[in-house]
Amino acid sequence: MAQKKVGLECSKCGARNYTVTVNAARAERLELKKFCKHCGEYTIHRETR
Ligand SMILES: [Zn+2]
């Protein structure tokens, strides 16, 4: 299985807070609700490269 490392970027302030390993063959773009230390709250984090 091909795995890919991607960053997760806060959709509010744009900070890159997390790095996750995902399946490279998956269809959808990753969106997770995670804690952003810059915003001080839980925000949507989107996949970056
Ligand atoms: Zn943020």
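This report concerns the structure included in the present document. (Residues numbered from 1 in each chain as written. Predicted model: local features only at pLDDT ≥ 70, side-chain atom pairs only at ≥ 80, totals over all residues. Heavy atoms only, no water.)

A closer look at the pairing of strand β2 (residues 16-23)
Consecutive residues of a regular strand have side chains that alternate between opposite faces of the sheet.
Link 1 in the chain: In this sheet, β2 lies alongside strand β1 (residues 3-10) in antiparallel orientation, the contact comprising seven bridges. Bridge assignment links G7 to a residue of β2, and that residue is T19.
Link 2 in the chain: The antiparallel pairing of β1 with β2 creates a hairpin that spans five residues between the two strands, and G14 there sits at a positive phi of about 85 degrees. (Pairing = 2+ DSSP bridges. Helix = DSSP H or I, 4+ residues; strand = E, 2+ residues; numbered from the N terminus.)

Considerations on the coordination of the zinc ion
Link 1 in the chain: Around the zinc ion, the protein supplies C10 (SG), C13 (SG), C36 (SG) and C39 (SG) as donor atoms, at distances of 2.3 to 2.4 Å.
Link 2 in the chain: Coordination at the zinc ion comes from four donor atoms whose angles at the metal span 106 to 113 degrees, giving a geometry best classed as tetrahedral.
Link 3 in the chain: On the primary sequence, the residues serving as donors to the zinc ion are separated as C-x2-C-x22-C-x2-C. Separated by 26 residues along the polypeptide, C10 in strand β1 and C36 in strand β3 (residues 31-36) bring together distant segments of the chain.
Link 4 in the chain: In this structure C36 comes out as buried when scored by relative accessible area, which is 0%. (Donors = N, O, S within 2.8 Å, 3.2 Å for Na, K, Ca; no water. Tetrahedral: all angles 85-135°; square planar, octahedral: opposite > 155°, others 65-115°. Buried < 20%, exposed > 50% of the residue type's maximum accessible area, 1.4 Å probe, protein only.)

Observations concerning the packing of aromatic side chains
Link 1 in the chain: Counted by the stated rule, this structure contains one aromatic pair.
Link 2 in the chain: Taking 5.4 Å as the distance between ring centres and 70 degrees as the angle between the ring planes, the aromatic pair formed by F35 and Y42 counts as edge-to-face.
Link 3 in the chain: Here F35 falls in the partly exposed class, since its relative accessible area comes to 35%.
Link 4 in the chain: Classification of Y42 as exposed rests on a relative accessible area of 55%. (Phe/Tyr/Trp six-rings, centres within 6.5 Å; stacked < 30°, edge-to-face > 60°.)

From the geometry alone we can't say anything about function, so treat these as descriptive.
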